[in-house]
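The lines below spell out each chain.
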Amino acid sequence: MTQAELANLLLAKVPLFQGFDGETVARIAAESELCTYEGNEAIVECGDPGLFLGILVSGHAEVSVPDNTGGRVTVGRLHDGDVFGEAPMLTGDPHAANVVAGNRCFVLQIGQDAFATHLLSNPRAIARLTKLLAERARAQPVDAAAAGAAPGPEDPYLLSVRTDEPGKILAVNFGITQIRFGVHDTQDESLNVRGVVEHGDGSGARIRLTAGGVVTTLAHPAAPPARFFDAMFEALRTLDARYQFSPQDVIAVGHRVAHGGSKFSSAAVITPAVIADIEALAVFAPQHSPVNLDGIREAMKAFPAIPHVAVFDTAFHQTLPTYAYLYGLPYDYYKKEGIRRYGFHGTSHRYVSLKAAEIVRRPLGELEIISCHLGVGASLCAIDHGRSVDTSMGMTPSDGLIMASRAGSLDPAVMIHLMQHYKLGPDELSHLINSESGLKGISGISTDIGEIEAAADEGHHRALLAHKAFCYQIRKNIGAYVAAMGGVDVLAFTGNIGETSPTVRSLACQGLGWMGIKLDEERNRSLGPLESHAVVSTDDSPVKIVVIANNDERLLAWETLRAIERDQISVAIKGAEREAPIPIEVSAHHVHLSQADVERLFGAGHLLTPEAELSQPGQFACAEKVDLIGPKGRIANVRVLGPTRKETQVEIAMTEQFKVGINPPIRESGDLVNTPGITLQGPKGTTTLDRGVICAQRHIHMTPDDARRFRLRDKYVVRVRIEGDRGLVFGDVVVRVNPGYQLAMHIDTDEGNAASIQTGMIGYIEEIQSRC
């Protein structure tokens, strides 16, 4: 399109330019940039600075704001001739909404200089822009405005435990020697109570309550699970009247459960089937799961008419790739016995990832986060774009870092040696590695980090050695997880040690400046007790270092609320599932090319040749094919899909990674940060990508009408049941909502072959797995 043609088009289609002469519009066009955006590509995002006034020359786009679940609320649509970005250009504020292309869009971007020269000097243009700004402010829904106000919503990931229904959420953690609990008021957090019942020796119990910052300690007869709730209410009656409540005020109970195996990828509303599954998985946590179950049964007797939720320590880590969770044992031990890495502290790591995204005011789906949960138990987790991709604990919580009294990772031959030379049996070995090792075993002093640091200050050699070994392992694992993810945006510390020991944080970050991890030592040293969070990185640190307050019982209450909400929506979905089948499509490897790469591969001026339409409107398979050349090998004749994109992207299956010798992550289409590159060869030349190869995360395309019918939103993660000879339920299916889509679920050839699935089969949404 020539400048003259563009100027004539602007005069004809854009009301903003009415009254402008053709010469001025031509100058505006010449001083601006005409950009192309493909369907579902972000033109601007909420929080971006206002760098240009946008004119939609052709195409359509969706305007949306973040909602309070981490999803998006559509607040408007743009069509040919519409203007956007006027508010940031007039006020200097960041963009308060996302503008996402619905199909291929041509956008004229009028930069700040041209805007100031030609538009701000024109009274009629200023009047039109001001009127447009006022109209859009009036038209924006109140709830959407609250959710999307720049620079970000107050609670974008629903981290509060407030609800419209008044009442108490009871969170309980039944342990071997103590029962921890929290009472969370859904209307007024100042009425929350935390408590712990110590009953180690069986002769009596000590109850400690914290309410309004005041700690109350009481002696009480023994309080096993069968007596716990009576003891809890008796203890609460000693507090001020405002903290007291009746059993009828409890609207839900959340239970911490140690092990959910591969069965549970999120918290679950407890049913007889869920209890049976926990019983079957108790083999992986024989000390903890039976006690958890006793507590669940007693709680269901005490509160029979309300929902109870099991919150699994392992659930968040069900997104670990197979190569990250397998041990180097014969494969049958994994397939038959379930021996693999499961990971723990999942609720804490998930909460930290969401809170970190809130702190840095960036979408969770674009962040790489390392979460360090350092307490009596300690573990690190690599969180890549919202998914746990590695973690330090293993099949049990004994693996990983040196901990307060746990040995952490050991050479397996050490256990054989102890059995042979010291005649230790299984129970003795378990006691040794879980109760007499770690900081306690090395220092010979204590499990308490404060006591160890005090002794180290006085020159106690073993205390110093224990402390150094602990911090070294944290630092080593941080480095490993930066390598695993190909980068890091946020490093987060939580847990008792992570929150209270500036020395541990300092030594864990020491020497990592070359990774962009720069700790502000003064901020770190002066950090006091936390209410919520604190930033302790330097102002110029590329990686944000944050300390986040951990409250296990609050996290249980939070997961409980989310699980109940998911369950209610899932019940509604299942009620209508037969009327709403989802077509399944199996996608083979393919390439999306930029126009520049099209010309490198097929010759100057070459345009893609449509050969067959695809199910998604505007998408087509091309006659063109390329070869993929990796460090190890080649995949020939890979189909190119059109239209062209802003950046080239290659999608291959997991089984093809070894053939070409690269290891791409599982990502949504378009999410190419820290992905590997590859060389493409065409008939006229080659091009080498620095990045762009992914394994596509399984997903469902939906229109907004489909999403409303299914009661879903963009970015929700669901489970989908696919019927057939080898029926299968797929988890981690991302919902993608756009007006330009057509309903279909996409899986790759590996997934299709695993369950004998072919394009044309149908699936049904089983449940919502995640709402973030």
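Time to look at unusual backbone geometry. Residue Pro 643 is reached from Gly 642 by a cis peptide bond, and omega for that bond is 5 degrees. Topologically, Pro 643 is positioned in strand β27 (residues 634–645). Although it is not a glycine, Lys 423 sits at a positive phi angle of roughly 55 degrees. In this fold, Lys 423 is placed in the loop between α13 (412–422) and α14 (426–435). Since its relative accessible area comes to 65%, Lys 423 is described here as exposed. A positive phi is found at Asn 637, a non-glycine position, where the angle reads about 55 degrees. Its location among the elements puts Asn 637 in strand β27.

A word on the sheet that holds strand β3 (residues 52–58). Taken in spatial order, the four strands make up an open sheet running β1-β8-β3-β6, and their pairing is antiparallel. In this open sheet, the two strands that pair with only one neighbour each are β1 (33–37) and β6 (83–84). Relative to β6, β3 is paired through two bridges, and the arrangement is antiparallel. Counted as the bridge partner of Ile 55 is Val 83 from β6. Along the sheet, helix α4 (residues 112–119) makes contact with β3 and β8 (105–111), crossing β8 at roughly 75 degrees.

This brings us to the environment of Lys 625. Tracing the chain through its elements places Lys 625 in strand β26 (residues 620–629). The contacts of Lys 625, once residues within four sequence positions are left out, are Phe 602, Asn 637, Val 638, Arg 639 and Val 640.

Where α13 contacts α14, the axes come no closer than 11 Å and their chain directions differ by 130 degrees. The angle between α13 and α14 places the two elements in the oblique class. For the element pair α13 and α14, the recorded crossing hand is right-handed. Listed contacts from α14 to Met 415, Leu 418 and Met 419 of α13 are Leu 429, Leu 432 and Ile 433.

As a further point, take the environment of His 60. By secondary structure assignment, the location of His 60 is in the loop between β3 and β4 (61–66). The spatial distance from the C-alpha of His 60 to the C-alpha of Arg 711 is 25 Å, given a sequence separation of 651 residues. In this structure His 60 touches Leu 78, His 79, Ala 101, Gly 102, Asn 103 and Cys 105, once residues within four positions along its chain are discounted.

Mapped onto the elements, Tyr 243 comes out in the loop between α7 (225–236) and β14 (250–257). Taking the C-alpha atoms as reference, Tyr 243 lies 53 Å from Ile 416; in sequence the two are 173 residues apart. Ignoring sequence-local partners within four residues, the contact set of Tyr 243 consists of Ser 190, Leu 191, Asn 192, Val 193, Ala 211 and Gly 212. Among the polar contacts listed, one links the side chain of Tyr 243 to the backbone nitrogen of Gly 212, at a separation of 3.4 Å. Here Arg 242 takes part through its side chain, which lies 2.9 Å from a polar atom of the side chain of Tyr 243.

Thresholds, definitions, all that
- Within every chain, residues take consecutive numbers counted from 1 along the sequence as written.
- At least 70 in pLDDT is required for a residue's local features to be given in this predicted model, at least 80 for side-chain atom pairs to be given and counted, and no such filter applies to totals for whole chains, interfaces and linings, which use all residues.
- Only hydrogens and water are removed before side-chain values are computed, so all heavy atoms of the structure are retained for them.
- Strands here mean DSSP runs of E at least two residues long; helices mean DSSP runs of H or I at least four residues long; both are numbered from the N terminus.
- Accessible area is worked out with a 1.4 Å probe on protein chains only. A residue is then buried under 20% of its type maximum, exposed over 50%, and partly exposed in between.
- Here the rule is simple: two strands pair whenever DSSP picks up at least two bridges between them.
- The contact rule is simple, with two residues in contact once any of their heavy atoms fall within 4.5 Å.
- Whenever a helix is involved, its axis is fitted only over the stretch in contact; in every case the axis is a line through C-alpha atoms, and angles between N-to-C directions fall within 0 to 180 degrees.
- Under this scheme an angle from 65 to 115 degrees is roughly perpendicular, one under 35 degrees roughly parallel, and one over 145 degrees roughly antiparallel; angles in between are oblique.
- We call a crossing left-handed when the near helix sits turned anticlockwise from the far one by less than a right angle, and right-handed when that turn is clockwise.
- Pairs of N or O atoms are called polar contacts if they sit within 3.5 Å, as long as, within protein, a hydrogen donor faces a hydrogen acceptor (for residues adjacent in sequence, only side-chain-to-side-chain pairs).

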